[in-house]
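An overview of the molecular structure
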Amino acid sequence: MGKTTRFMEYAREEAKERNPLTRLKDWNEHTELMSDDTLHRQSARCMDCATPFCHIGMEISGMTSGCPIHNLIPEWNDLVYRGRWREALDRLIKTNNFPEFTGRVCPAPCEGSCTVEISSPAVTIKNIEQAIIDKGFENGWIQPRIPDRRTGKKIAVVGSGPAGLAAADQLNQAGHSVTIYERAERAGGLLTYGIPNMKLEKDIVERRIQLLSQEGINFVLNTEIGKDITSEELKDQYDAVILCVGAQKQRDLELEGREAKGVHFAMDYLTKSTQHLLDQHPSDEAFIDAKDKDVIVIGGGDTGADCVATALRQECRSIVQFGKYPKLPEARTPDNMWPELPNIFTMDYAYEEAQAKFGEDPRQYTVQTKNIVADGDGNLKELHTVQMQYTTNEQGQPELKEVPGTEKVWPAQLVFIAIGFEGPEQPLLQQFGVKTENQKISAVHGDYRTNVEGVFAAGDARRGQSLIVWAIQEGREAAREVDKYLMGSTVLV
């Protein structure tokens, strides 16, 4: 870096967010762009630490630490500091196919393992990454890369989420002919339907899809494997198949009253809300509207937070989110040391909005839902809960116990279940005959071959619910293995 002490001279600055009450009136992205002066200062905070943990890309204590795609973060930080944006872009896209996605929705495990984070707030890596790719598009530096030769090999990718797109991009650049099959009306997978517009505007996703199309990738939409085309037809028509179908089987609650009208899976709600926003079908009976309703979200993760933000924009009457764990600490604890991802309390954009509108954080901690109650017509009426407490059993293991006298009744007309995903939907996997383990496709990380000749798997379908950056990493690596399988060696890294 130009001056190695700037991490001590400049404070961390993050991208400003639009006023919460203002942004609740629209579906646009909630953050504002950083100025070039701010980005210059923030990139200067990169400390030339010699051993940059920011791109180690590994799991520690079950959490991601560093960047799984091994972004060359110190290099492009230095180039941004020097104002050499075009060169910074070249270094960024060397490892990351879609920085415009990760720069917006990745939780930035790179920042948790930033060496500055040992004693000071980390470098704002994520914001700088977004700025680099945004400038690339704004200045026309991002142009279609048409391969100068074709190998004659044909590959089918099933699923157009980040893993499928990354695999297709890599294989297309290697000269293979790639076709992506997607059962939805639009490509992008959860980038399009699962992540709300206020975190990732859909014209940004569509811009990338159009670019990939211009580069030679063929998208076949509204096509479901097993319904519109069989797995056998795919294997017959293509030299290799990569399954990147995600982990879309949502985990359910087994509760009395679960069948009440008004209880929905969180991802169904988010998907239908995005479809309604994009297609504007006011008479769509499948649309779930939270307007003037008391809404409860069960599950404390990012999907639940996105449900909160969506319901607020639909003008819900009230919003509460239940989590089974206690409130996180304000700072790292001794068992959560650097370079692990900081497991600390934060105010997500959705919670800031709820607090601005209703005067309080919507999250309720260590709450156990006991049962769901419907009225005489089967419509959701209320939830019954009890407060829980973490204790330690005789073996020293933590366990949850109910706190007597803490029973409570919550009025609700909508409940969204956001407690995670079990794995990929099984019928498609059965069609291909691929083996599964713990409901996920059985394929070794780094190899990605299934038990079926010529069929590979990558992303959440193989590893389970995870981060977008892991999906990109697996898509890239699976492409490398497919290239090696087809050609005997590989030009991909």
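Going by the structure above, here's the rest.
No experiment lies behind these values; they were computed from the predicted model shown.

1. Topic: the pairing of strand S3 (residues 154-158)
Burial analysis of S3 places four of its five residues in the buried class, which makes it a mostly covered element. Where S3 meets strand S4 (residues 177-181), five bridges bridge the pair, whose relative direction is parallel. Bridged to valine 157 within S4 is isoleucine 180. Handedness of the crossover is the feature at issue here: the chain leaves S3, passes through helix H9 (residues 162-173), returns alongside S4, and the resulting connection is right-handed. Examined bridge by bridge, S3 and strand S6 (residues 240-243) share four bridges and lie parallel to one another. By the bridge assignment, alanine 156 is partnered in S6 with valine 241.

2. Thoughts on the pattern of salt bridges
Under the criterion given, the structure shown has 35 salt bridges. One network of salt bridges, in which partners are shared, links Glu17, Arg23, Arg313, Glu352 and Glu353.

3. Concerning the packing of helix H14 (residues 302-313) against helix H15 (residues 349-358)
Two elements in contact, H14 and H15, have axes separated by 8 Å at closest approach and are oriented at 40°. Between H14 and H15, the angle is such that the two are oblique. Considering only the axes of H14 and H15, their crossing is left-handed. Contacts between H14 and H15 pair Ala305, Asp306, Val308, Ala309, Leu312 and Arg313 from the former with Tyr349, Ala350, Tyr351, Glu353, Ala354, Lys357 and Phe358 from the latter. In the contact of H14 with H15, the residues fall into nine nonpolar, no polar and four charged.

4. Some words on helix H11 (residues 202-214)
Since the α-helix advances by 3.6 residues per turn, residues separated by three or four positions end up pointing in the same direction. Taking 1.5 Å as the rise per residue, H11 with 13 residues should run 18 Å; its terminal C-alpha atoms sit 18 Å apart, in good agreement. Listed in full, the buried residues belonging to H11 are Lys202, Ile204, Val205, Arg208, Ile209, Leu211 and Leu212. If you follow the buried residues of H11, they end up packed against helix H6 (99-105), helix H8 (125-138), H9, helix H10 (190-193), strand S5 (218-220) and helix H13 (266-279). Remark: glycine 216 follows H11 within two positions and exhibits a positive phi of approximately 120°.

5. Some details on unusual backbone geometry
With an omega of 10°, the peptide bond running from tryptophan 338 to proline 339 counts as cis. Structurally, the position occupied by proline 339 is in the loop between strand S10 (318-322) and H15. Notably, alanine 108 is not glycine yet its phi reads approximately 60°, a positive angle. Of note, alanine 108 is situated in the loop between H6 and helix H7 (109-112). The backbone of threonine 366 sits at a positive phi, close to 45°, despite the residue not being glycine.

6. Regarding the environment of glycine 446
With respect to the element layout, glycine 446 can be found in the loop between strand S19 (440-441) and strand S20 (455-457). Along the backbone, glycine 446 and valine 493 are 47 residues apart, and their C-alpha atoms lie at a distance of 12 Å. When neighbours within four sequence positions are excluded, glycine 446 is seen to be in contact with Glu477, Arg480 and Glu481.

7. Thoughts on the sheet that holds S20
Ordered by their spatial adjacency, five strands build an open sheet running S5-S4-S3-S6-S20, and the pairing between neighbours is parallel. Bordering the open sheet on either side are S5 and S20, each of which pairs with just one other strand. Across the sheet, the mean angle from the axis of one strand to that of its neighbour is 20°, orientation sign disregarded. Pairing analysis gives three bridges linking S6 to S20, with the strands arranged parallel. Its bridge partner being in S20, valine 241 is matched across the sheet by valine 455.

8. Observations concerning the packing of H13 against H14
Contact geometry of H13 with H14 gives a least axis separation of 10 Å together with a crossing angle of 45°. What the angle tells us is that H13 and H14 run oblique. Where H13 crosses over H14, the handedness of that crossing is left-handed. Along its contact with H13, which presents Ala266, Met267, Tyr269, Leu270 and Ser273, the element H14 presents Thr303, Asp306, Cys307, Thr310 and Ala311. The residue makeup of the contact of H13 with H14, split by class, is six nonpolar, three polar and one charged.

9. Section: a nonpolar patch on the surface
On the surface, Tyr325, Tyr390 and Leu400 cluster together into a nonpolar patch covering about 280 Å² of accessible area. Counting through the fold element by element, leucine 400 comes out in strand S14 (residues 398-402). The exposure class of leucine 400 is partly exposed, given its relative accessible area of 31%.

10. Some points on the environment of valine 415
Looking at the element boundaries, valine 415 is found in strand S16 (residues 414-417). According to the relative accessible area criterion, valine 415 is buried, its value standing at 0%. Along the primary structure valine 415 and histidine 264 are separated by 151 residues, whereas in three dimensions their C-alpha atoms are 6.2 Å apart. In contact with valine 415, other than residues within four places in its own chain, are Gly262, Val263, His264, Ile296, Ile298, Leu380 and Leu383.

Parameters and conventions
- Residues numbered from 1 in each chain as written.
- Predicted model: local features only at pLDDT ≥ 70, side-chain atom pairs only at ≥ 80, totals over all residues.
- Heavy atoms only, no water.
- Buried < 20%, exposed > 50% of the residue type's maximum accessible area, 1.4 Å probe, protein only.
- Helix = DSSP H or I, 4+ residues; strand = E, 2+ residues; numbered from the N terminus.
- Pairing = 2+ DSSP bridges.
- Right-handed = clockwise from strand over helix to strand, strands pointing away.
- Salt bridge = Lys/Arg side-chain N within 4 Å of Asp/Glu carboxyl O.
- Axes fitted to C-alpha atoms, helices over the stretch in contact; angles between N-to-C directions.
- Parallel < 35°, antiparallel > 145°, perpendicular 65-115°, else oblique.
- Left-handed = near helix turned anticlockwise from the far one by under 90°.
- Contact = heavy atoms within 4.5 Å.
- Nonpolar A, V, L, I, M, F, W, Y, C, P; charged D, E, K, R; others polar.
- Expected span 1.5 Å × (residues − 1).
- Patch = residues over 30% accessible without salt bridge, like charges linked within 9 Å, V, L, I, M, F, W, Y side chains within 5 Å.
- Areas by Shrake-Rupley, 256 points an atom, 1.4 Å probe, with all protein chains shown as cover.

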